[in-house]
Amino acid sequence: MTQKIIFDTDPGIDDAMALLFIQASPALDLLAITTIFGNADIETTTRNALYLKQRFGLTAPVFKGTDKPLSRPRNPSPTFVHGENGLGDVELTGLVPAQPEAKPAYQAIIDIARQHPGEVTLVAVGPLTNLALALKADPEVAALLKGVVIMGGAFGVAGKPGNVTPVAEANIWNDPEAADLVFTAPWALTAVSLDVTTQVVMSPAYMDALEASAGPAGAFLNAISKPYAAFYGSRDGVSGCCVHDAAAVAFVIAPSLFEVRRGSVRVVTEGITLGQTCQKAEGELFGPSAWDDQPIQAVTVAVDEAGLLKLYAETMRA
Ligand code: BDR
Ligand code: CA
């Protein structure tokens, strides 16, 4: 049976890798793409979503998200990671100007959740502002979704504890207030965190093989991955691309590839550790704290790297 999903995204090189993975997967039924600022401004990420839809024949409608965090100015776009155009500055050939749907992203999330109560998984791989706006506008949305899977956070279990500061992951750091609302909402959330996404690397040889086996999508992804891999090589000494956003999609398709730890999660919203995600694991005993009486959420602590890379390649080949 296919799983209905909404994909909330800031394309973004690894977002494009995730979106084309969704498109190729027979296990997923993509109902909508909702965009968010993050890897670029909202005009650019929305244009990129529309471009990917046109070029690769996606049928899901695109809804434009908000252009700024809930309560602070937007951080500068990371052009040194994703390029000026958000897609590695690869030329976007044959671009036909198109418009997103009229409805804002947060309203689309609410309406789709209400149309299919208990059936839709919201996969969010950018800053969490659209999700927070949906919760504020209609708190019942939390009970109407089947679940939420995000790419975000870092829990100090493995890999890197942060990628924009020593303790903060980009999607959370880009709107920490929204992230704290999302982690403490009464829905079943899994955070696919840096602890696992930095453990899964697509090497240049893997990307070349993808180009050879996955048709035009493989060739496009290999092209846009090159500046991304160059960034990871120069900054982190990684030989290839860390698989961030596609790992969240893989969690929806094959959760058995991951180990999770359950517990309540809070996000630091001020000070030098802004954007840090901290979990109080279930069963740990402390005195009274800000983690008490909060929903229990899952965070990923281990991943089967070979299994995830195989799932991605086989899905794209099909
Ligand atoms: C996350 O931040 C963005 O740059 C990527 O697209 C990914 O969603 C990784 O920290
Ligand atoms: Ca992203």
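See the structure printed just above.
The present account deals with the structure reproduced in this document. (Residues numbered from 1 in each chain as written. Chains lettered and ligands numbered in written order. Predicted model: local features only at pLDDT ≥ 70, side-chain atom pairs only at ≥ 80, totals over all residues. Heavy atoms only, no water.)

A separate point is the side chain of Thr 35. Among the secondary structure elements, Thr 35 is positioned in strand E2 (residues 28-35). Residue Thr 35 is classed as buried on the basis of its relative accessible area, which comes to 0%. Engagement of the side chain of Thr 35 in a polar contact is seen with the side chain of Thr 46, the distance being 2.9 Å. (Helix = DSSP H or I, 4+ residues; strand = E, 2+ residues; numbered from the N terminus. Buried < 20%, exposed > 50% of the residue type's maximum accessible area, 1.4 Å probe, protein only. Polar contact = N/O pair within 3.5 Å; in protein donor to acceptor, adjacent residues only side chain to side chain.)

With that settled, consider the site of ligand 1. Neighbouring residues of ligand 1: Asp 14, Asp 15, Asn 39, His 82, Val 125, Met 151, Asn 163, Glu 169, Ala 170, Asn 171, His 244 and Asp 245. Between Asp 245 and ligand 1, the recorded distance is 2.5 Å, taken from a side-chain N or O atom to an oxygen atom. For ligand 1, the accessible surface in isolation is 280 Å², of which the surrounding protein chains cover 94%. Here ligand 1 occupies the largest pocket. Sorting the residues of the shell around ligand 1 by element identifies helix H1 (13-24) and helix H7 (170-173) as the ones contributing at least two each. Per-class residue counts for the shell around ligand 1 are three nonpolar, five polar and four charged. (Near = heavy atom within 4 Å. Areas by Shrake-Rupley, 256 points an atom, 1.4 Å probe, with all protein chains shown as cover. 1 Å grid on protein atoms, 1.4 Å probe; cavity = no way out; pocket = protein on both sides within 12 Å on 5 of 7 lines; lining within 4 Å. Sits in = over half its atoms within 2 Å of the grid points. Nonpolar A, V, L, I, M, F, W, Y, C, P; charged D, E, K, R; others polar.)

A separate point is the pattern of salt bridges. One pass over the structure, following the stated rule, counts twelve salt bridges. The salt bridge involving Lys 68 is made with Asp 67; its shortest N-O contact spans 3.6 Å. On the basis of relative accessibility, which here comes to 41%, the residue Asp 67 falls in the partly exposed class. Notably, a salt bridge pairs Arg 266 with Asp 180, separated by 2.8 Å at the nearest N-O pair. Separated by 86 residues along the polypeptide, Arg 266 in strand E9 (residues 258-267) and Asp 180 in helix H8 (residues 176-183) bring together distant segments of the chain. On the accessibility criterion, Asp 180 (12% relative accessible area) is buried. One salt-bridge network, held together by shared partners, links Arg 114, Asp 138 and Glu 140. (Salt bridge = Lys/Arg side-chain N within 4 Å of Asp/Glu carboxyl O.)

Attention shifts here to the state of the cysteines. The term disulfide refers to a covalent linkage connecting the sulfur atoms of a pair of cysteines. Counting across every chain of the model gives zero disulfides. In this structure Cys 241 is not part of a disulfide, and its nearest cysteine sulfur, from Cys 242, lies 8.0 Å away. Overall, the relative accessible area of 1% leaves Cys 241 in the buried class. (Disulfide = S-S within 2.5 Å.)

Bringing the coordination of the calcium ion (ligand 2) into the picture now. The coordination sphere of the calcium ion (ligand 2) contains the protein donors Asp 10 (OD), Asp 15 (OD), Asp 15 (OD), Val 125 (O) and Asp 245 (OD), at a distance range of 2.3 to 2.7 Å. In the primary sequence, the donor residues of the calcium ion (ligand 2) line up as D-x4-D-x109-V-x119-D. A single burial state applies to Asp 10 and to Asp 15, both of which are buried. (Donors = N, O, S within 2.8 Å, 3.2 Å for Na, K, Ca; no water.)

This part takes up the nonpolar core. Across soluble globular proteins, nonpolar side chains show a tendency to be buried alongside one another. Leu 221 and Tyr 312 are the most contacted members of the largest nonpolar core, which has 68 residues in total. Apart from residues no more than four positions distant in its own chain, Leu 221 is found in contact with Ala 16, Met 17, Leu 20, Met 207, Leu 210, Tyr 312 and Met 316. Within the second largest apolar cluster, 37 residues are counted, among which are Val 120, Ala 132, Ile 172 and Val 265. (Core = buried A, V, L, I, M, F, W, Y, C linked by side-chain atoms within 4.5 Å. Contact = heavy atoms within 4.5 Å.)

Below, the discussion takes up the packing of H1 against helix H12 (residues 245-253). Two elements in contact, H1 and H12, have axes whose closest approach is 7 Å; the angle formed by their N-to-C orientations is 25°. In terms of their interaxial angle, H1 and H12 are classed as roughly parallel. Of H12, the residues touching H1 (which contributes Asp 14, Asp 15, Ala 18, Phe 21 and Ile 22) are Asp 245, Ala 246, Val 249, Ala 250 and Ile 253. Of the residues assigned to the contact of H1 with H12, the class counts are seven nonpolar, no polar and three charged. (Axes fitted to C-alpha atoms, helices over the stretch in contact; angles between N-to-C directions. Parallel < 35°, antiparallel > 145°, perpendicular 65-115°, else oblique.)

Pro 11 connects to Gly 12 through a cis peptide bond whose omega is -10°. With respect to the element layout, Gly 12 can be found in the loop between strand E1 (3-9) and H1. Even without being a glycine, Asp 89 presents a positive backbone phi close to 60°. Here Asp 89 lies in the loop between helix H3 (79-82) and helix H4 (105-115).

The analysis is restricted to geometry; functional conclusions fall outside its scope.
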